[in-house]
Amino acid sequence: MPGKSNSFFKIILTDVGSHNKLLFPKKFVTIFGKNLKDSVSLTTPSGSQWLVELKRHKGEVWLQNGWPEFAKFYSICFGYLLVFKYNGDSNFRVSIFEPSALEIDYPVNFVKSTPEKKRVLEIDDFSSSESSDNVLRPCKKTRTKAPSSKASSKPRQEKEKTGNEVAKYRALALANAFQSKNPFFIHVMKESHLVGGGWPNVYIPKNFKEAHKNWKTNDQLILHFAEESWVVYCNLNIKCGQCRISRGWTIFARDNSLSVGDVCVFELINLSKKWFQVIIHRAANDANDAEIEKLPRSEVDKARVLESVKAFKPKHPNFTVEVKYSYLYGGSITVPVDFISRHITKDSCKVNLKLPDGEVWKVKCYINKKCAKFSAGWKNFAKENNLAVGDICGFELVKERLFRVVIFRVKSGVKL
C-alpha cells in the first residue's frame, strides 16, 4: 500500500514467560489487518524463518502460538526492542535490539518453529536449566553469528547507527506513554525546529486548539524545564488556523541542547498564565539506560527518579523525602529534624510550600527533640498534587519559612 507505513516497533515491558503474546499496534491492524493470514512468517536478519500463529479478538490482533518459542530462542526479555517491517503476504522481517540499543548477534535456527508442532532445536551448548522446554535457548556466552548471516557482515559503524535509531524509538515510546489530566502535545525534534533556513519554530497541533483558541499573536508563553523558565511567543495564522511557538524558541532549544530526534512533551499546567512544563526525552544513545532497562518495571521507574534527583542541585538549603504510604493517608510527612531546627525553628510553626507554577499551600511544621513533620495542611497538598508512593519531593528553602517544592514522579520520572 503506497503511502502507508509498513513498519512498527514494540518495546518489551514484561518478562516474555509471563506474557505469551505480542499485540500489534491498532493503527497497523487498521491498515493491514484484513490481509494477514492466520499464521505469519517472522524472518530475522540471519535468514531464519519462524511461523507464528495470529489471533484476533474485538479488533485486536496479536502473535501467540509460536511467539514464546521465538522469544526464548533469541533471549528476548524486558527492555528489548523489536522492529517489524511488513513485506506483504503475511511476511515480516524482525530486527531485535538489546537494551543497550545495539542489534543482537543472531544465533542460527536450523528448523522452523510452527504453531502446530513444537520442535527441539539441535544446537550444541544449551543451558541445562532449559532442558525441560520443548524449544531450547543457547547460553548467552556461546551465542555466535552464522557464517552466512547478513548481520555478520555488518560494519560496527552501521550497528551503532542502527542503535541510534533505536534510541529515537525509545524516546518516542516514552513520550507516547505520558499521561496527564492537563492538555499536552508531543513533538519530535526535526532540523527545521532547531536550525533550518528560516526561523526555527514549533507548530502547536490543531487538536490542541481548544486550549489556545483565545490566544493572540505575540502572547507570551512560559516554558519550564529543569528548574528554569523561558519566555517565548506564539504566532497565529488566522487563515489556516495554525499556531506556533516562534520568537524565543531558538534560545530555549539552544539552552537545553535539543537535538534532532529528541522528543518534547509540552504540558499546559496553567491555562491563564500559558505556563508549560516541558519534558525532554533524549534520542542520544545513553549507556546508563541499558543497565536501567534490565531491571523490573518498578525498579526502572525508581532508578529514573533517582537519576533525576541526583541532578536536583538547588542554590538554597534543601532536602528530599521519598513519599511513603503513611505520608499519603496518615496526614503528615516526616522531614529531617536537624534541618528544621537549624534553618526554620525549634518550635512548631506554619510554613509555605510553593510549586514552580506559583501555587502555595500552608502546612503546619511540628517539631520536637526526636522528629519533625509537616502535618496540618499536608494531606491537602499531597491529594491536590496527586502524590504517589515512591515519588520524591525536593524541598528548597528559598525564603524564611517558604519552601519551593519539586516533585519527582515514579510513574514517568518527570518533575512537576
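The structure reproduced in this document is the subject of the present report.

Thresholds, definitions, all that
Residues numbered from 1 in each chain as written. Predicted model: local features only at pLDDT ≥ 70, side-chain atom pairs only at ≥ 80, totals over all residues. Heavy atoms only, no water. Pairing = 2+ DSSP bridges. Helix = DSSP H or I, 4+ residues; strand = E, 2+ residues; numbered from the N terminus. Axes fitted to C-alpha atoms, helices over the stretch in contact; angles between N-to-C directions. Buried < 20%, exposed > 50% of the residue type's maximum accessible area, 1.4 Å probe, protein only. Patch = residues over 30% accessible without salt bridge, like charges linked within 9 Å, V, L, I, M, F, W, Y side chains within 5 Å. Areas by Shrake-Rupley, 256 points an atom, 1.4 Å probe, with all protein chains shown as cover. Salt bridge = Lys/Arg side-chain N within 4 Å of Asp/Glu carboxyl O.

**Some words on the sheet that holds strand β17 (residues 349–354)**
In spatial order, the strands read β15-β20-β21-β17-β18-β19-β16; together these 7 strands make up an open sheet with mixed pairing. Of all strands in the sheet, those bounded by a partner on one side alone are β15 (318–322) and β16 (333–335). Direction aside, the axes of adjacent strands within the sheet are offset by 35° on average. With 6 bridges joining them, β17 and strand β18 (residues 360–367) adopt antiparallel strand pairing. Paired with valine 351 across the bridge in β18 is valine 363.

**Re unusual backbone geometry**
Phi at lysine 58 takes a positive value of approximately 50°, unusual for a residue other than glycine. On the secondary structure map, lysine 58 appears in the loop between β4 (49–57) and β5 (60–63). Even without glycine at this site, asparagine 218 takes up a positive phi of about 75°. Within the secondary structure, asparagine 218 sits in the loop between α5 (209–212) and β10 (220–225). What makes asparagine 218 partly exposed here is its relative accessible area of 47%.

**Focus: a nonpolar patch on the surface**
A cluster of nonpolar side chains, Tyr325, Tyr329 and Val389, forms an exposed patch at the surface whose accessible area comes to about 370 Å². Here tyrosine 329 shows up in helix α9 (residues 325–329). On the accessibility criterion, tyrosine 329 (54% relative accessible area) is exposed.

**Side note on the pairing of strand β3 (residues 39–43)**
Most of β3 sits inside the fold, with 4 of its 5 residues counted as buried. The hairpin turn running from β3 into β4, its antiparallel successor, is 5 residues long, and glycine 47 in that turn takes a positive phi close to 100°. Alignment of β3 against strand β7 (residues 91–97), held across 3 bridges, turns out to be parallel. Bridged to threonine 43 within β7 is arginine 93.

**A word on the sheet that holds strand β14 (residues 275–281)**
The 7 strands lie next to each other as β8-β13-β14-β10-β11-β12-β9, forming an open sheet whose pairing is mixed. If you trace the sheet from one side to the other, it starts and ends with β8 (184–188) and β9 (202–204), each paired once. With strand direction ignored, the average angle separating the axes of adjacent strands in the sheet is 30°.

**Overview of the pattern of salt bridges**
One side chain can pair with another of opposite charge once the charged atoms of both are near each other. Summed over all chains, the structure comprises 4 salt bridges. A salt bridge links lysine 55 to glutamate 53; its shortest N-O distance comes to 2.9 Å. Arginine 282 is the salt-bridge partner of aspartate 262, the closest N and O atoms lying 3.5 Å from each other. In this pair, aspartate 262 is assigned in the loop between α6 (249–255) and β13 (263–270) and arginine 282 in the loop between β14 and α7 (287–293), connecting sequence segments 20 residues apart.

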